[in-house]
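If you want the building blocks of each chain, they are given just below.
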Amino acid sequence: MKKKSITIALAAVLAVGLGSSVLFSAARFGVANPFSVLAGLYQVGCMDTAYVELQQYPKVMLAKPATVDLLIGYMESQGYAENPEGRTGSILEFEQSGHKIYVDFSVNRCYSLWQWRE
């Protein structure tokens with residue numbers, strides 16, 4: 001009986017821990033998968049990876065903590081050009097053949113977060 005209650009308590013602690021990590025990941029990074037966030041933070045922080053995609057739609061990427069030039073370089077490699085007149089605060093506007101994309105850029109001392117907006 002005691003072994004069963006320990007197993008139930010351990011399962012409850014794991015469920016609460018996983019649930020809170022999902023909520024934190026979704027609130028801070030906009031991605032509900034905490035494992036992809038941890039993998040991205042490891043790749044950007046500990047390896048030579050400049051940027052990594054956390055989620056495909058809506059696109060969310062983590063990058064090394066750098067200026068906005070890294071994001072602009074990435075978007076130019078994808079065929080987009082920055083529209084400086086369309087920039088509003090931390091949201092940058094990129095255009096390709098009349099199609100506009102908006103990317104929210106934020107940076108701290110550990111990483112840059114790029115979130116695509118509709």
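Here, the structure is the one placed above.
Here the structure is a predicted model, which means the values were calculated and not measured.

Overview of the packing of aromatic side chains
And then number 1: All chains considered together, the criterion is met by 5 aromatic pairs.
And then number 2: Aromatic pair Tyr-51 and Tyr-74: ring centres 4.9 Å apart, planes at 70 degrees, arrangement edge-to-face. Of this pair, Tyr-51 sits in strand β1 (residues 51-55) while Tyr-74 is found in helix α3 (residues 69-77), placing the two residues 23 residues apart along the sequence.
And then number 3: Looking at Tyr-74, the relative accessible area reads 8%, which means it is buried.
And then number 4: For the pair Tyr-74 and Trp-116, a centre-to-centre distance of 6.4 Å together with 90 degrees between the ring planes defines the contact as edge-to-face. Within this pair, whereas Tyr-74 is found in helix α3, its partner Trp-116 is found in strand β6 (residues 112-117), the two being separated by 42 residues in sequence. Residue Tyr-74 shares its accessibility class with Trp-116, and that shared class is buried.

Considering the environment of Phe-24
And then number 1: Mapped onto the elements of the fold, Phe-24 is located in helix α1 (residues 2-29).
And then number 2: As a C-alpha pair, Phe-24 and Pro-34 span 10 residues in sequence and 8.2 Å in three-dimensional space.

A few points about a nonpolar patch on the surface
And then number 1: Side chains of Leu-18, Phe-35 and Leu-38 sit close together on the surface and give an oily, nonpolar patch of about 340 Å² of accessible area.
And then number 2: Secondary-structure assignment places Leu-18 in helix α1.

What to know about the sheet that holds strand β4 (residues 91-96)
And then number 1: Pairing is antiparallel across the open sheet formed by 6 strands, whose spatial order is β1-β2-β6-β5-β4-β3. With one partner strand each, in any of the chains shown, β1 and β3 (81-82) form the two edges of the open sheet.
And then number 2: Sheet topology places strand β5 (residues 99-107) next to β6; 6 bridges connect them, and they run antiparallel. Each bridged residue has a counterpart across the sheet, and for Val-107 the counterpart in β6 is Ser-112.
And then number 3: Each of β1 and β2 (60-63) is contacted by helix α2 (residues 34-46), which is oriented at about 175 degrees to β1, the strand it contacts most.

Re the pairing of β4
And then number 1: Looking at chain direction, β3 and β4 are connected through 2 bridges and run antiparallel. For Glu-82, the partnering residue across the bridge sits in β4 and is Phe-94.
And then number 2: Here 6 bridges tie β4 to β5, and the two strands are oriented antiparallel to one another. Bridging from a neighbouring strand, Phe-94 pairs with Ile-101 of β5.
And then number 3: Taking the residues between adjacent antiparallel strands as the criterion, β4 and β5 are bridged by 2 residues, where Ser-97 takes a positive phi near 55 degrees.

Cut-off values and rules
- Residues numbered from 1 in each chain as written.
- Predicted model: local features only at pLDDT ≥ 70, side-chain atom pairs only at ≥ 80, totals over all residues.
- Heavy atoms only, no water.
- Phe/Tyr/Trp six-rings, centres within 6.5 Å; stacked < 30°, edge-to-face > 60°.
- Helix = DSSP H or I, 4+ residues; strand = E, 2+ residues; numbered from the N terminus.
- Buried < 20%, exposed > 50% of the residue type's maximum accessible area, 1.4 Å probe, protein only.
- Patch = residues over 30% accessible without salt bridge, like charges linked within 9 Å, V, L, I, M, F, W, Y side chains within 5 Å.
- Areas by Shrake-Rupley, 256 points an atom, 1.4 Å probe, with all protein chains shown as cover.
- Salt bridge = Lys/Arg side-chain N within 4 Å of Asp/Glu carboxyl O.
- Pairing = 2+ DSSP bridges.
- Contact = heavy atoms within 4.5 Å.
- Axes fitted to C-alpha atoms, helices over the stretch in contact; angles between N-to-C directions.

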